[in-house]
Amino acid sequence: MALVRVISSDGAAFLVSQRLAKRSGKLKTEIETFRKSSDNSEAQPEIRIVTIRAEILRLVLQWLQQHQNDPVLPANQNEQDGRGDAEMGQSQWDRDFLAPMDLGIVMELILAANHLEVKGLLDITCKLVESKITGRTVDEIRTAFKLKSDFKGNEEEQTRLENRWCVEN
Amino acid sequence: MEKPVESSKGPTRWLKILQQKIERLTLNPPRFNGRIPPELQEFILEKVNDDATLWRCRLVCSYWNQIASSLLAKRQLDNRTKWNPRLSNIFLSPCVISQSKRWNISYSSFKASLPLRYLDDESSNPLPTNSLTISGKSGTWNGEDLDKKYMPSAKGPSWKQPDVEKLFTKCGIFITTFSLHNLEITELEISEILEKLPNLVLLSFSFLEPQSPRKRHKEELQLEEWKVNPVKLCPNLTHVKLKYCTPEPIFWLLRLCANTLISLDIEYCFDPIPPLRLSSFKELRELKICVLYRSAFTEILSKFVVNDVPLLRNLSIIMYTEGIGAPVLTEEVLSFAHAFRDTLNYLYFDVHESDMLVKLLPRRSWGIFPLVTELVISNPGSKWIVTKLKKKLELNFPKLESLQFHSDCEWHHSRVKPEPWHPR
């Protein structure tokens, strides 16, 4: 089995099958680039992901492992039948996988899924974050996402008035 | 062998410090700090279906504000330009409402709705959804008090009369949907506004009234001198909705922009019908016609030159029939629709004539609609009529995939009856 060594930003190495790695658009491109530039066809590619730390990379690879046999959904699936990809692809396993994670980890996972081009993971993580936004108050959202108001002058008051007017209408 | 004693000042300590420094220097991206790239933030917020939540997201911080506002504007534009074959409500977006009876181009007597309160702020676009309505008169609409609904109830210390000319100059570039409602307005006045809205996509007129013939004559002369260039005026205008307007502004508008329109929605109840024959609708894909009198429909039939509408895909014909004159016959509707048979995919008709339809269908003389995949007929009556219709329609619509009927109940819920209104 052809393997690829994926190294996280903090130096942890993960040895995975190339077939599994190629489920990520980014890793697929890297493997192909390595093959083109390498004289030795037997050489094991080594890919360093400088923006993803080990804990997150391990989660991405774990998700890919679980979904390695899933069919690849067309990019516009949600436009065709009105359902989101996340609803299409989310299994009980996915729910159990995401359940123990705090929002910070989920956000890092979103960044990683986006960087590695893993659409299915990006969809379910974004959907999870959406569920933490919908129906929440502004303060609850700020607390959850560790954000602070940075409006200047009366901008916040203006926005609050606009919101009141627009939502009421 | 004696075990080496670790000295606090020995080389082992330096090695440890060096090791720690190397660890710190290792490229280690910062953990999530609450900020993600805009395209991902947008991707997440796009999944929020509830608009009220999206409005709330504008209050989280300036970064979220920017992205949520842009999404709301996009969503509104999508909703307003989406094909809707049924009758639609008049949409009043963030608007400026005149207190005076007569709309005055000097804008001196306007009152502004809340988003326009801070017009003088240098930093902001006061139109959260890039949408603006100008409504001529205060009063009530659909039983609601416009002043109460759209005007700020508490005028704070920062309240000031908005400068509407400044609004158009400063923010016209942002506006993608614009409505004129319940006004007396001339073409020249409309032109002067549209000139400042280069990114306008959707324009709607509702309850527009004409001006006095004397004033009109004077303005026509000015317009002639002005020589409006329609392409320069609104190069992106593709959707026009016209509801209960007198013909003059419609004549003018269609002459200006007919050949770039993708969607035209006419709800019309006054004679004469706009001179559709004078216009060429080369890009038109969607046409909705709603008339009050049979004569109006007949006039439309005679004025619409089919050759000038080569791309029409969606057609909706609605007629108010209850107690007003003779109804439009299904036969007439189908004959009209058949003229677009080479391109037509979607046909909706609502003429209260389904019993007649059962007797008449199938009719070879109406020809075949070879491309129509969706057909919606309102108020077909009893179940056996529906079954019979489905069977018979296969002859005239061989590619039909979706056939829907609206029951009486749905009919009354889905349509908005016109309020009695006549031009003065």
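For chain B, an unreviewed UniProt entry supplies the name F-box domain-containing protein and the organism Orchesella dallaii.

Per an unreviewed UniProt entry, the recorded name for chain A is S-phase kinase-associated protein 1, and the organism is Orchesella dallaii. Regarding chain A, the UniProt comment filed under Sequence similarities (unreviewed entry) reads as follows: "Belongs to the SKP1 family." Here chain A is described in UniProt, under the heading Pathway (unreviewed entry), as follows: "Protein modification; protein ubiquitination."

Glancing now at the overall build of chain B. Within chain B one finds 15 helices and 14 strands. Looking at the 424 residues of chain B, the share that counts as buried comes to 37%. A fraction of 76% describes how many contacts in chain B between residues 6 or more apart in sequence connect residues 24 or more apart.

This paragraph deals with the packing of helix H7 (residues 103–116) of chain A against helix H8 (residues 119–131) of chain A. A pair of packed helices is characterised by two quantities: the angle between their axes and the separation of those axes. Residue and element names in this part refer to chain A. Closest axis-to-axis distance for the H7/H8 pair is 9 Å, and the angle between their directions is 150 degrees. Taken together, the axis directions place H7 and H8 in an arrangement best described as roughly antiparallel. In this structure, H7 meets H8 at a crossing whose hand is left-handed. Contacts between H7 and H8 involve Val-106, Leu-109, Ile-110, Ala-113 and Asn-114 on the former and, on the latter, Leu-121, Leu-122, Thr-125, Cys-126, Leu-128 and Val-129.

Once that is clear, we can look at the UniProt feature "domain: F-box" (unreviewed entry) in chain B. When the UniProt feature table is mapped to this numbering, "domain: F-box" (unreviewed entry) covers residues 35–71 of chain B. In residues 35–71 of chain B, helix accounts for 70% and strand for 0%; the two terminal C-alpha atoms are 18 Å from one another.

Residues and elements named next belong to chain B. If you trace the backbone, Trp-64 turns up in helix H4 (residues 62–81). Using a count of 23 C-beta atoms within 10 Å as the deciding quantity, one classes Trp-64 as buried. When the C-alpha positions of Trp-64 and Leu-45 are compared, they lie 9.2 Å apart, and in sequence the two are 19 residues distant. Contacts of Trp-64, omitting those with residues within four sequence positions, involve Cys-57 and Arg-58.

Our next topic: the nonpolar core. One finds Leu-200, Leu-315, Ala-337, Leu-344 and Leu-347 of chain B to be the most contacted residues of the largest nonpolar core, which totals 61 residues. In this structure, this core is formed jointly by two domains, domain 2 (90–312) and domain 3 (338–424) of chain B, each of which donates at least three residues. Apart from the residues lying within four places of it in its own chain, the contact partners of Leu-315 of chain B are Leu-287, Ala-337, Phe-340, Leu-344 and Leu-347 of chain B. Formed by 44 residues, the second largest nonpolar core is a distinct cluster that contains Ile-49, Ile-56, Leu-121 and Ile-141 of chain A.

Sheet strands associate in pairs through backbone hydrogen bonding, adopting either a parallel or an antiparallel arrangement. Residues and elements named next belong to chain A. In spatial order, the strands read E2-E1-E3; together these 3 strands make up an open sheet with mixed pairing. Of all the strands in the sheet, the pair left with one neighbour each is strand E2 (13–17) and strand E3 (46–48). Geometrically, the sheet is characterised by an average inter-axis angle of 25 degrees between neighbouring strands, direction not taken into account. Bridging between strand E1 (residues 3–7) and E3 involves 3 bridges; their strand directions are parallel. Across the sheet, residue Arg-5 finds its bridge partner in E3, namely Glu-46.

Residues and elements named next belong to chain A. One non-glycine residue, Glu-117, lies in positive phi territory at about 60 degrees. Mapped onto the fold, Glu-117 is located in the loop between H7 and H8. Overall, the presence of 15 C-beta atoms within 10 Å leaves Glu-117 in the partly exposed class. With a phi close to 55 degrees, Lys-146 is a non-glycine residue in the positive phi region. With respect to the helices and strands, the residue Lys-146 is situated in the loop between helix H9 (138–145) and helix H10 (155–168).

With that settled, the discussion passes to the pairing of strand E3 (residues 131–135) of chain B. Residues and elements named next belong to chain B. For E3, the tally of buried residues reaches 5 of 5 residues, placing the bulk of the element in the interior. The alternating pattern of E3 places Ser-131, Thr-133 and Ser-135 and Leu-132 and Ile-134 on opposite faces, both of which are buried. Of the pairings in the sheet, the one linking E3 to strand E6 (residues 177–184) comprises 5 bridges and is parallel in character. Within the sheet, the bridge partner assigned to Ile-134 lies in E6 and is Leu-180.

Reading the values: rules and limits
Residues numbered from 1 in each chain as written. Chains lettered and ligands numbered in written order. Predicted model: local features only at pLDDT ≥ 70, side-chain atom pairs only at ≥ 80, totals over all residues. UniProt positions renumbered as here; feature names shortened; annotations may be inferred. Helix = DSSP H or I, 4+ residues; strand = E, 2+ residues; numbered from the N terminus. Buried ≥ 20, exposed ≤ 12 C-beta atoms within 10 Å, placed from the backbone. Contact = placed C-beta atoms within 7 Å. Axes fitted to C-alpha atoms, helices over the stretch in contact; angles between N-to-C directions. Parallel < 35°, antiparallel > 145°, perpendicular 65-115°, else oblique. Left-handed = near helix turned anticlockwise from the far one by under 90°. Core = buried A, V, L, I, M, F, W, Y, C linked by C-beta atoms within 7 Å. Domains from an automatic or database assignment. Pairing = 2+ DSSP bridges.

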